[in-house]
Each structure stands twice: as C-alpha cells, then as structure tokens.
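What the coordinates show
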Amino acid sequence: MTFDLTPEQDQLRDAVRALGRRYGHGYFVEKAKAGEHTTELWAEAGRLGYLGVNIPTEYGGGGGGITDLAIVCEELAAAGCPLLLLVVSPAIAATVLNRHGTEEQRKRHLPGLADGSQKIVFAITEPEAGSNFHRLGTVARRDGDGWLLSGRKCYISGVDEAGHVLVVARTEDSSTGKLKPALFLVPTDAAGLTRSKLDMEIVSPENQFLLYLDDVRLPGDALLGESLDAGLPALFAGLNPERITVAAMGAGTGRYAIERASEYTATRKVWGGRTIGSHQGVSHPLAHAAVQVELARLMIQKAATLYDAGRDLEAGVASNMAKYAAGEAAALAVDTAVQVLGGAGMTTEYGVATLLGAVRAGRIAPVSREMILNFVAQHVLGQDKSY
C-alpha cells in the first residue's frame, strides 16, 4: 500500500494549485455576486489540459483517471475556487460517454469536454422522485426513428453554460412492458426545452435550474449508447466519479477554510502579547477540523484508486464513505473557521462565510448523508433495507 502520488500527479497538483491561487477566492466571489461565470478560469484550465485529465488521449484528454480529476477538483477548491461543473461535465458526462456512448458520440463530444470548449450537464433529479430514481416521471416515447421526451427536472446545475444536457428518462421495454432508464443527449436550445432559474442561498457562479421538457423531439442518435440496454449501466457509471469529485471539492474547501483561519489566529493578538491561536479553545477546534479533513482525503484517495482499478463494487462503498466524510469535514472546517475568526469570519473580505451555503449543501447533494448511512448499514453492516 502506498499513499504517494505518481510524479506526474504531484506535478499536476502543484500546477493546478498555482492556477487556482492566481485567481483566488476573491475572483470566485466577485463572479458569483455579479451573476457571472468563472469563464476565464475554466478556459485556462481547459487550455492547460486540466479539465480533460480523465479523458482518453485519443479524444484529446490526458489519459488519466478519476484520481487525477479529483486532484484538479481538490486543488481548485483549496485555492477558494470550488467549480461545481468539474463534477458535472468532466466527471459525470465524460465518464458516461466514454464508457457507454457510441464511437460517434465519443468523437463528437469528448474532445470539447477535454479542452473546456464544451460543457454537458446532467439531469436526473425530479421534484416528486427525490432520491428514488425508480420513480422518475420523465418519459421518452418512440417517434418514428426518433424520440419525444416529456417531464420535469430540478436542481440542474449549469444549464445556462452548457450546450447539451444529459437527461435521464424512462422508456418502455417492448419485451416486458416495464419502464427502464435511458439517457439522452439533449441540446439546451432544443424546441420544447425550457428552464427557470432557482434562487439559491449559495454564493456560487454556477446556477441551478428547473427544466421542463414538453415533447422535446430528438433524433435517434440522441439516445446514449448503442441500445436501450446501455441505460442502466450508463446511469450508474457516473455515480462513483460524481461522489469522488464532490468529496474532493469538499476536502479542498475544508483545507482552504482551515488555512485562512490558521493564518489569522497565528497572528491575531488581543490578550497581551499572545496570539489567539495559542489558546487551546481556539487551536483545538481548528486541529480537530484539520484531522477530519485529512481523514476524508484518505478515503477519497482510496475510493479513486479502487475506481481507477476497475473495482466498481468496492469503489461504490468507498465513494459513498468518502462523500459522507468530506461533506461532514468541509462543513465542520468552514463553521470552525468562521467561529475562530469571530466577527471577521462573517465578512466577505476574509472569505470563509461565503462558503457556508455550499458546504451545507454538500451534506445534502448529490446524495444525502442519510441515504449514505442507509447504504452503509445495508451493504456493509448487513442490515435489512430501511426504505
């Protein structure tokens, strides 16, 4: 067992860290509050090859794995720039396309995902279904050689920045008459596809949307994969990369918050000549948060290593645990940073309270902490299914 990255991964971490710090949290917050996107950072990360590290070289990527993409997610977040669309486009969409798309679909979309010129977002969540994808109401019906999609989606990230949305729908299996999942590549300017922006209490340059699909007409090759049989494995293909990269982003955010707070407490003097960080009531909570973040990072590394080794079942358990651990650690780290900074912690200038909404959401999405505990209880501890 080794905890060392390869020399190439070490170089990647250093390079991404340097890029993120050139932009910094101030840039991230300024863009978010102006209702703008981090276009410059995204374009430069794409030009330097960081967005496509997990995409095969034959499609313009770096030929690495989810371990590499997790490094990118973590280091940008550790610089104060947690980019949610890294999870949605390179982690979910690119993985699903590479594993289950047709060769034509891979050639058409993966090069743009690799260099950042194209973004594909992911639409599975629905108002009534919650975490139960078996209850999805978005339906795809055959229409000659093509398809008609109807339904609603909610909390869909970055639709206004993307050229396509990967929509999870249900189709009727002609042999059984039962509904089965299928994925469709839907242009965001398709007739019948409309959206409304959700107002969120999160400081983020990436927006959330409700999507409405009213008989959206699609050609036959909009179906992801060679046949409807690709639907279920394609759906699950994106879940482990999603959890790993979300966890990496959370760990990076936790590192950022602890670093900001530690710089402050190591220099702030109020009582005599001692820094406030010399008091255990201040330093111990920060140290505790640092331990939790580091433990989460170890679980992320394990999950990514298992995933890249093709050990999907083990990776599923580790990915859920990593996401849980990182969500809790990030929320603890940011809350602790705000507390030890006192009133300064709530100012925009010190750059930690601006992350409170995001880390709180990290305990809910893309899968809630309660559903992860259900998963662990059932699949690790052998308990009866509780839902």
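In this text, all values refer to a predicted model and were calculated from it rather than measured experimentally.

In the UniProt entry, the feature "domain: Acyl-CoA dehydrogenase/oxidase N-terminal" (unreviewed entry) is given for residues 6-116. Overall, residues 6-116 shows 70% helix and 0% strand. The separation of its end C-alpha atoms is 25 Å.

What follows covers helix H7 (residues 239-265). For H7, which comprises 27 residues, the first-to-last C-alpha distance of 39 Å matches the rise-based estimate of 39 Å (1.5 Å per residue) to within 8%. Of all 27 residues in H7, 22 are buried; the element is thus mostly enclosed.

To continue, consider unusual backbone geometry. The peptide bond linking Ala365 to Pro366 adopts the cis configuration, its omega dihedral lying at 0°. Notably, Tyr155 is not glycine yet its phi reads approximately 55°, a positive angle. Following the sequence through the fold, Tyr155 ends up in strand E3 (residues 146-157). Even without glycine at this site, Asp215 takes up a positive phi of about 50°. The topology assignment puts Asp215 in strand E7 (residues 208-218).

With that out of the way, let us pick up the packing of helix H3 (residues 66-78) against H7. Running from amino to carboxyl end, H3 crosses H7 at an angle of 30°, the nearest separation of the two axes being 7 Å. Here H3 lies roughly parallel to H7, going by the angle between them. Relative to H7, the crossing made by H3 is right-handed. Between H3 and H7, the residues in contact are Ile66, Leu69, Ala70, Cys73, Glu74, Glu75, Ala77 and Ala78 and Pro241, Ile244, Thr245, Ala248, Met249, Gly252, Thr253, Arg255 and Tyr256, respectively. Of the residues contributing to the contact of H3 with H7, the split by class is 11 nonpolar, 3 polar and 3 charged.

Thresholds applied
Residues numbered from 1 in each chain as written. Predicted model: local features only at pLDDT ≥ 70, side-chain atom pairs only at ≥ 80, totals over all residues. Heavy atoms only, no water. UniProt positions renumbered as here; feature names shortened; annotations may be inferred. Helix = DSSP H or I, 4+ residues; strand = E, 2+ residues; numbered from the N terminus. Expected span 1.5 Å × (residues − 1). Buried < 20%, exposed > 50% of the residue type's maximum accessible area, 1.4 Å probe, protein only. Axes fitted to C-alpha atoms, helices over the stretch in contact; angles between N-to-C directions. Parallel < 35°, antiparallel > 145°, perpendicular 65-115°, else oblique. Left-handed = near helix turned anticlockwise from the far one by under 90°. Contact = heavy atoms within 4.5 Å. Nonpolar A, V, L, I, M, F, W, Y, C, P; charged D, E, K, R; others polar.

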